[in-house]
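Chain and residue survey
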Amino acid sequence: GDVAKEREIVRGVCAELNSSVAPFRSVSLNPVGWETHCWPDVGYDPQSVILSQIQPEDIFIGILWNRFGTPTPRAASGTAEEFATAYKNWQGSTVSNLLFYFKKQTATENLDDLKLIREFKKNIGKRGLLYWEFEKRNQFERYVRQHLTRRCCMDRALPLPSRTTQRCLDSKWSSDVPLPAFG
């Protein structure tokens, strides 16, 4: 896809945090993707095979740019279906964080994909998801590093925010969620 390099950035940031901050918080970041954790199999369709083999467990990270993806029988794309699954899991408290990043779109030949991405972005915003936008890979890497570091540093004993309470987190995250000091 068109965000393969960004997916590699996520893997690199996770490896970096696993050797720095994460062990001090008893956290391990293990990126799971279809290209590394799935195997050839049969199902109703390829996306159903992927979803039967991997599920978001704690943190879901979605990334889109100019390509929305291949439609599935259940959603406008595999990415949309994976997000819907993660969102449903978030509602059931099995996924604690949904992070979505959109690379600013460039002129492309496929206007249908651009329209679908804009509609998807609008729909996830209506569901209460605060997403980040970026232009360059180094900006994306900085955002992912900041966000995952903050997630690693959160006290695991803190309750998750109420699913019925709408909270808007600014770029500094929420001031009402204390970040414990190292020590």
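Residues numbered from 1 in each chain as written. Predicted model: local features only at pLDDT ≥ 70, side-chain atom pairs only at ≥ 80, totals over all residues. Heavy atoms only, no water.

**Some details on the environment of tryptophan 90**
- Locating tryptophan 90 in the fold gives a position in helix α4 (residues 78–91).
- With relative accessibility at 19%, the residue tryptophan 90 sits in the buried group.
- The sequence separation of tryptophan 90 and phenylalanine 60 amounts to 30 residues, and the corresponding C-alpha distance is 9.4 Å. (Helix = DSSP H or I, 4+ residues; strand = E, 2+ residues; numbered from the N terminus. Buried < 20%, exposed > 50% of the residue type's maximum accessible area, 1.4 Å probe, protein only.)

**Comments concerning the state of the cysteines**
- Under the definition given, this model contains 0 disulfides.
- We note that cysteine 152 lacks a disulfide partner, and the nearest cysteine sulfur, in cysteine 153, lies 6.5 Å from it. (Disulfide = S-S within 2.5 Å.)

**Structural notes on the packing of aromatic side chains**
- Scanning the model with the defined rule gives 14 aromatic pairs in all.
- One aromatic cluster is present, built from ring pairs that chain together Phe60, Phe68, Phe83, Tyr87, Trp90, Phe100, Phe102, Phe120 and Tyr131.
- The ring of tryptophan 65 has lysine 103 sitting right over it, with the charged end atom 4.0 Å from the ring centre.
- The ring of phenylalanine 102 has lysine 121 sitting right over it, with the charged end atom 4.9 Å from the ring centre. (Phe/Tyr/Trp six-rings, centres within 6.5 Å; stacked < 30°, edge-to-face > 60°. Lys NZ or Arg CZ within 6 Å of the ring centre and 35° of its normal.)

**Describing the packing of helix α3 (residues 46–53) against α4**
- Two elements in contact, α3 and α4, have axes separated by 11 Å at closest approach and are oriented at 35°. The two elements α3 and α4 cross, and the hand of that crossing is right-handed. Where α3 abuts α4, its residues Gln47, Ile50 and Leu51 lie against Gly78, Glu81, Glu82 and Thr85.
- When grouped by side-chain class, the residues that make up the contact of α3 with α4 number 2 nonpolar, 3 polar and 2 charged. (Axes fitted to C-alpha atoms, helices over the stretch in contact; angles between N-to-C directions. Left-handed = near helix turned anticlockwise from the far one by under 90°. Contact = heavy atoms within 4.5 Å. Nonpolar A, V, L, I, M, F, W, Y, C, P; charged D, E, K, R; others polar.)

**Quick word on the layout of surface pockets**
- In this structure, the largest pocket spans a volume of roughly 1400 Å³.
- Among the elements that line the lining of the largest pocket, the one with the most residues is strand β1 (residues 59–64), at 6 residues.
- Among the residues making up the lining of the largest pocket, the classes are represented as 24 nonpolar, 13 polar and 11 charged. (1 Å grid on protein atoms, 1.4 Å probe; cavity = no way out; pocket = protein on both sides within 12 Å on 5 of 7 lines; lining within 4 Å. Points joined across faces, edges and corners; volume = space filled by probe spheres on them.)

**A look at the pattern of salt bridges**
- All chains considered together, the criterion is met by 11 salt bridges.
- A salt bridge links glutamate 16 to arginine 145; the shortest N-O distance between them is 2.8 Å. In this pair, glutamate 16 is assigned in helix α1 (residues 4–18) and arginine 145 in helix α6 (residues 137–153), connecting sequence segments 129 residues apart.
- The partly exposed category is assigned to glutamate 16, whose relative accessible area is 34%.
- Of the charged contacts, one joins lysine 121 and glutamate 133 as a salt bridge, the two residues approaching to 2.6 Å between their closest N and O atoms. Pair noted here: lysine 121 is in helix α5 (residues 111–126) and glutamate 133 is in strand β3 (residues 132–134), with a separation of 12 residues, a long-range link.
- Classification of lysine 121 as buried rests on a relative accessible area of 16%.
- One network of salt bridges, with partners in common, ties together Arg7, Glu8, Arg11 and Glu35. (Salt bridge = Lys/Arg side-chain N within 4 Å of Asp/Glu carboxyl O.)

**Section: the nonpolar core**
- Formed by 22 residues in total, the largest nonpolar core has its most connected members in Leu29, Tyr101, Phe140, Val144 and Leu148.
- Elements represented by at least two residues in this core include exactly α1, β2 (97–103), β3 and α6.
- Considering every element that reaches this core, the biggest residue donor is α6, with 6 residues.
- Every residue in contact with phenylalanine 140, bar those within four places of it in the chain, is listed here: Glu6, Ile9, Val10, Ile63, Tyr101 and Phe134.
- Phe60, Phe120, Ile124 and Leu129 belong to the second largest nonpolar core, which has 17 residues in total. (Core = buried A, V, L, I, M, F, W, Y, C linked by side-chain atoms within 4.5 Å.)

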